Amino acid sequence: MRILVQKFGGTSLSTDHARSLCLQHIARELANGYSVVVVVSAMGRTGDPYATDTLLQLIRNNGDKLPARERDMLLGCGEIISAAALCSLLCSEGIPSVVLNGGQAGIITDDQYGQARIKELRPEKVLQHLGDGKVVIVTGFQGSTESGDMTTLGRGGSDTSATAIGAALRAEMVDIYTDVNGILTADPRIVENAKPLQIVSYAEICNMARQGAKVIHPRAVEIAQQARIPVRVRSTFSSEEGTLVSDAVLSPVADRQATGIAHVSGVTQISVKAIEGRNDVQLQVFQTMARHHISVDFINVTPSGAMYTVFDHDADRAVSVLQECGYEPKAVRGCAKVSVIGGGMNGVPGVMARIVEALTEEGITIMQSADSNTTIWVLVKEEDMVKAVRALHAKFELHI
């Protein structure tokens, strides 16, 4: 069988019109000779009746004491409703289809409810239904423990479901359908002339996703990369092919330095100096953060101290627990992390100089920086974030 996996996000399933477009995409690939597996998210977004965030609000309104196992049972309802609605539509058009929840589709996870990790995928039941000529609709975001309890995979879990199923089935392609036509060079709400990308590498899109681009979850990309399965990010509302995520060697613009600009707001910079006569500041600081389950990022370590960022909502707690350890941390709230991402910058002189030049010309202070072989990060004040993103997008000529 030539197998294609299609994943439809919440906005792709939220209205009758959107679902009719999903039907068209499915029918087209069936006509192209593919056996099709469809992975669905819950319908809509916050406030819509069956959206995941709406279900979470229901828990909060009822005391917010629901145990983690039962919480996952509730949160999986949105995908079940989406799958049943889509199955009904397909059957009404004479397209045989069947619905499988995550466990029935063979997604076996650990028991970390709310953030489960996939341990194994057993696709026999999916293959059986495909062999019978059916479209197999799988509820995304879900798995099952060995004992049969429902689990959820965390934010972006439907993307992860899609690429994991694609890897297990050795699919030719995984198509991620959303409400934008592919991956852009920057957030179009900030950069009006952001340009669609035809092809990006696994590493580039993984870094863009980690640094704030919300088109696809980085865990999903990692699974696709390991299995070497191409992924397309496409719009449900268009017939265009969107952005292909594949090996970097396929890129038609292999000499580009930057691929895109991403950003994350709402972070606090924390700096801690060593206590005189002690040389364990780094150990104490990061053990303390880990013990209190505070996520850290943008880490710079020196012999005399440590500097890093946390999300604004964790800042007061981070400062408090450090003070209890005898430190006097300095916290700068209201910061933003802006990232220049591109496989073409590795080993190329002058990239940091262009970044500094772009931000200096706009009067933007760089509070901290770090880099990897595909990404350079700068920390700026949140009030400067929009200017910084636009300046860097222009400096690297990503609009061309």
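Counting from 1, residues in each chain are numbered in the order their sequence is written. Note on the predicted model: pLDDT of at least 70 is required for a residue's local features to be given, and 80 or more for side-chain atom pairs to be given and counted; whole-chain, interface and lining totals, by contrast, use all residues. The side-chain numbers reported here are obtained from all heavy atoms of the structure, hydrogens and water having been left aside.

Going by what an unreviewed UniProt entry lists, the protein is known as Aspartokinase and is assigned to Paenibacillus glycanilyticus. Per UniProt, the comment on the protein under Catalytic activity (unreviewed entry) is "L-aspartate + ATP = 4-phospho-L-aspartate + ADP". UniProt positions are given in the numbering used here, feature names are shortened, and annotations may be inferred rather than shown by experiment.

A. Inspection of the pairing of strand β9 (residues 173–178) at higher detail. Counting buried residues in β9 gives six out of six residues, a clear majority hidden from the surface. Each residue is assigned to one of three classes by its accessible area relative to the maximum for its type, calculated with a 1.4 Å probe on protein chains only: buried under 20%, partly exposed between the two thresholds, exposed over 50%. Helix and strand assignments come from DSSP, with helices taken as H or I runs of at least 4 residues and strands as E runs of at least 2, each series counted from the N terminus. Residues of β9 alternate between two faces, with Met173, Asp175 and Tyr177 on one and Val174, Ile176 and Thr178 on the opposite face, all of them buried. By this definition, two strands are paired if DSSP reports at least two bridges between them. The pairing of strand β1 (residues 3–8) with β9 spans five bridges and is classified as parallel. Residue pairing for β9: Phe8 is matched across the bridge by Tyr177.

B. Seen up close, the sheet that holds strand β6 (residues 135–139). The strand order β3-β6-β2-β1-β9-β11-β12-β10 describes an open sheet built from eight strands, whose pairing is mixed. Looking along the sheet, the strands with just one partner apiece sit at the ends: β3 (97–100) and β10 (199–201). Sheet twist, expressed as the mean angle between neighbouring strand axes with direction ignored, is 20°. Two strands pair when backbone bridges link them, and strand β11 (residues 231–235) and strand β12 (residues 243–246) are joined in this way by three bridges, in the antiparallel orientation. Each bridged residue has a counterpart across the sheet, and for Val231 the counterpart in β12 is Val245. Where helices are involved, their axes are fitted lines through C-alpha atoms of the stretch in contact, as for all axes, and angles between N-to-C directions lie from 0 to 180°.

C. Here's a closer look at the sheet that holds strand β13 (residues 260–273). Taking strand neighbours across the sheet as the criterion, the six strands line up as β14-β15-β13-β16-β18-β17 in an open arrangement whose pairing is antiparallel. What marks the edges here is a single partner per strand, and that holds for β14 (297–302) and β17 (368–371). The sheet shows a mean angle of 30° between the axes of neighbouring strands, taken without regard to direction. As judged from the four bridges shared by β17 and strand β18 (residues 375–381), these two strands associate in the antiparallel manner. By the bridge assignment for β18, Ala370 is matched with Trp377. In this fold helix α9 (residues 281–291) packs onto β13, β14 and β15 (305–311), with an angle of close to 15° to the strand it touches most, β15. Contacting β13, β15 and β16 (330–341), helix α10 (residues 312–324) crosses the sheet at an angle of about 145° to β15. In what follows, residue pairs with any heavy atoms lying within 4.5 Å of each other are defined as contacts.

D. Layout of the UniProt feature "domain: ACT" (unreviewed entry) in the protein. Here the UniProt-annotated "domain: ACT" (unreviewed entry) positions come out as residues 340–400. As annotated, residues 340–400 comprises 36% helix and 21% strand, and the C-alpha atoms at either end are separated by 16 Å.

E. Inspection of the pattern of salt bridges at higher detail. Criterion for a salt bridge: a side-chain nitrogen of Lys or Arg within 4 Å of a carboxyl oxygen of Asp or Glu. Counted according to the given criterion, the structure contains 21 salt bridges. Beyond isolated ion pairs, a larger network of salt bridges with shared partners links Arg28, Glu29, Asp175, Arg232, Arg234 and Glu241.

F. Examining helix α1 (residues 16–31) more closely. Expected helix span is computed as 1.5 Å times (number of residues minus one). The end-to-end C-alpha separation of α1 is 23 Å, in line with the 22 Å expected for 16 residues at 1.5 Å each. Taken as a whole, α1 has its buried residues at Ala18, Arg19, Leu21, Cys22, Leu23, His25, Ile26 and Glu29. Tucked inside the fold, the buried residues of α1 contact β1, β2 (35–40), α4 (77–92), β6, β9 and β11. The positive-phi residue at the C-terminal boundary of α1 is Gly33, with phi of around 95°.

G. Seen up close, the packing of α1 against α4. At a minimum axis distance of 10 Å, the contact between α1 and α4 shows a crossing angle of 60°. Relative to α4, the element α1 lies oblique. In this structure, α1 crosses over α4, and the sense of that crossing is right-handed. Facing Arg19, Ser20, Cys22, Leu23 and Ile26 of α1, the residues of α4 in contact are Ala85, Leu86, Leu89 and Leu90. Oblique is the label for every angle not falling under 35 degrees (roughly parallel), over 145 degrees (roughly antiparallel), or within 65 to 115 degrees (roughly perpendicular). Handedness of a crossing is defined here by the sense of rotation of the near helix relative to the far one, left-handed for an anticlockwise turn of less than a right angle and right-handed for a clockwise turn.

H. Looking closely at the environment of Ala394. Summarising the element assignment, Ala394 is placed in helix α12 (residues 385–395). With relative accessibility at 44%, the residue Ala394 sits in the partly exposed group.

I. Highlighting the environment of Arg2. The residue Arg2 is located in the segment before β1 in this model. Its relative accessible area of 37% is what places Arg2 among the partly exposed residues. Placed 32 residues apart in sequence, Arg2 and Tyr34 show a C-alpha to C-alpha distance of 5.2 Å. At a separation of 3.3 Å, a polar atom in the side chain of Arg2 contacts the main-chain carbonyl oxygen of Asn32. Within 3.5 Å is the distance limit for a polar contact, defined as a pair of N or O atoms, with the added protein rule that one can donate a hydrogen and the other accept it, and that residues adjacent in sequence qualify only through two side-chain atoms. There is a polar contact of 2.9 Å between the side chain of Arg2 and the side chain of Tyr34.

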